[in-house]
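Chain by chain, the residues:
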Amino acid sequence: MTQTIKTQSRSRSQQWFERARRSLVEGVNSPSRGPAVYTAGPILLERGQGSHVWDADGNEYIDFMMSFGALIQGHAHPTLVKTVSEAMAEGSHFAAATSAEIEAAERFRRMVPSAEAVRFTNTGSEATMLALRLARAHTGRRKFLKFEGHYHGWYDPFLLNAHSHPPEQLGPVENPARIPDSAGIPNSTFDDVVIAPWNDVKTLERVLRQHGHELAAVITEPIMANMGCILPRDGYLQRLRELTRECGALLILDEVVTGFRYAPGGCQEYYGVSPDLSTFGKALGAGFPVGAVGGPRSILDRMQWGENMVLHYGTFNGHRLTMKVIAANLDMLTANTYLELHTVGNCAVAGLREVFRRHEIKAIVQGFGPMFQIYFTDREAICDYRDYCKYVDAKRYSQFVHRLLELGVYMTPSNGLHWIISTAHTLADVAALVEAADQACSGLA
Ligand SMILES: Cc1ncc(COP(=O)(O)O)c(C=O)c1O
């Protein structure tokens, strides 16, 4: 039998949290890390190695959150530690041309065939912002389509219908209610946004018949990763590709979560869909802040200096340490890596499904391989945003994960996120997770 790890005291985390609240809003730098999600208070993490992390009280956890997917190689991978230490000794960043950015870009292009060129940014949010600006400049059109429940970073025009809401607030499928995700954004910002439900070809055909001619772009996550893990229906992405081509709107595939995770070339390779532009982040930087936009030269070259150029500046673009990490990270991502990520992840999915079956708990595990999510629901599948809002018991999930946090499994209690498998995870980690899940299920309300 596998040994689960029992969490002891969290007193140091609590003390730090009290102190943090005096200087930081909610004691953190992003609400997803704070008391809104961790109802017992945030756990202050101090150290990570491989697939494990340790908190301020010395409690050890197997980490399945992995910095929201950034840590494809786990924590403190020795190759990356060496890469960063050596590079740092020569100077962190020059904001000048470097061989590091060329080596990173060459590897990126080798892995992402739709990218004749790449532009590095510092975050996924900057990448999607840039992709939209490029699309507008390239097509000469203003509007764009985003789907309900998709998150593309915190740039103003993307912040519509990206959070879950009670079903009665969603409006009809044919004419969804438009719900801003943030205060401080002028309503006029959303005048250029067409919003539509995802994963339904008939709806897509109708919306694009009506709006296709005026759209600069349609932006989509290939797997909906901000309502947990919702897979595209068979043929949906392919049909989206055909329709966007027909109406002259660019297809922006937001692979910030899925990039370098499902296949060397991300979901575009996995599902065989070739976008006009794609955006990356997270796993690309293996824990260092980065984003990227890849695409054909005909679009990316619009950033060349001159009249009517698309402006993209940034002191930290192509940060030298990050570029070194990217090159080393991508060199480690071989075909075999993906076989292992899928094998380990599929074992976790199967093990968790079996636990819920045994406990006769109505829960499904959706997704596969490197990314998946648990939904407490009566449904057999969660297929879109509205399913998520109507049928998923996110409170029960939070309760379940809080129990796991007591049993040595580190995961965010937010149901909108997803479980991540990195190259550091082993079948032993999966066995420990399954055993902890088994214990967490006993007595679950
Ligand atoms: C699909 C998607 N796009 C873009 C972003 C924004 O990336 P970042 O948090 O690096 O700004 C995220 C972040 O979670 C994301 O999930």
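Reading the values: the criteria
Residues numbered from 1 in each chain as written. Predicted model: local features only at pLDDT ≥ 70, side-chain atom pairs only at ≥ 80, totals over all residues. Heavy atoms only, no water. Helix = DSSP H or I, 4+ residues; strand = E, 2+ residues; numbered from the N terminus. Expected span 1.5 Å × (residues − 1). Buried < 20%, exposed > 50% of the residue type's maximum accessible area, 1.4 Å probe, protein only. Pairing = 2+ DSSP bridges. Contact = heavy atoms within 4.5 Å. Axes fitted to C-alpha atoms, helices over the stretch in contact; angles between N-to-C directions. Polar contact = N/O pair within 3.5 Å; in protein donor to acceptor, adjacent residues only side chain to side chain.

Caption draft 1: Here's a closer look at helix α5 (residues 124–139). If you check α5, its first and last C-alpha atoms are 23 Å apart, about what 16 residues at 1.5 Å a residue would give, namely 22 Å. Among the residues of α5, those classed as buried are Gly-124, Ser-125, Ala-127, Thr-128, Leu-130, Ala-131, Leu-132, Leu-134 and Ala-135. Gly-140, located one to two residues past α5, shows a positive phi value of around 70 degrees.

Caption draft 2: The arrangement of the sheet that holds strand β14 (residues 419–420) in detail. Pairing is antiparallel in the open sheet, where three strands are placed in the order β11-β12-β14. Of all the strands in the sheet, just β11 (363–368) and β14 have a single pairing partner and so form its edges. Inspection of the sheet shows β11 paired to strand β12 (residues 371–376) by six bridges, in the antiparallel sense. When the bridges of β12 are listed, Ala-363 appears paired with Phe-376. Packed on one face of the sheet, helix α11 (residues 335–358) meets β11 and β12 and runs near 170 degrees to β11. Contacts from helix α13 (residues 394–406) reach β12 and β14, with the element oriented near 120 degrees to β12.

Caption draft 3: Main features of the side chain of Asn-329. Along the chain, the position of Asn-329 falls in helix α10 (residues 320–332). A relative accessible area of 0% places Asn-329 in the buried class. Among the polar contacts made by the side chain of Asn-329, one reaches the side chain of Gln-73 at a distance of 2.8 Å. Among the polar contacts made by the side chain of Asn-329, one reaches the main-chain carbonyl oxygen of Leu-284 at a distance of 3.0 Å. Other than its neighbours up to four places away in sequence, Asn-329 contacts Ile-72, Gln-73, Leu-80, Ala-283, Leu-284, Gly-285 and Ala-286.

Caption draft 4: Highlighting the environment of Tyr-391. Here Tyr-391 shows up in helix α12 (residues 385–391). For the pair formed by Tyr-391 and Trp-54, sequence separation is 337 residues and the distance between their alpha carbons is 35 Å. Those residues within four positions of Tyr-391 in sequence are excluded, and the remaining contacts are Phe-376, Thr-377, Arg-379 and Ile-382.

Caption draft 5: Main features of unusual backbone geometry. Positive phi, close to 60 degrees, is recorded for Glu-26, a residue that is not glycine. Summarising the element assignment, Glu-26 is placed in the loop between α1 (11–23) and β1 (45–49). Accessibility expressed as a relative area gives 39% for Glu-26, which makes it partly exposed. One non-glycine residue, Asn-199, lies in the positive phi region at around 80 degrees. Residue class for Asn-199 comes out buried when judged on its relative accessible area of 1%.

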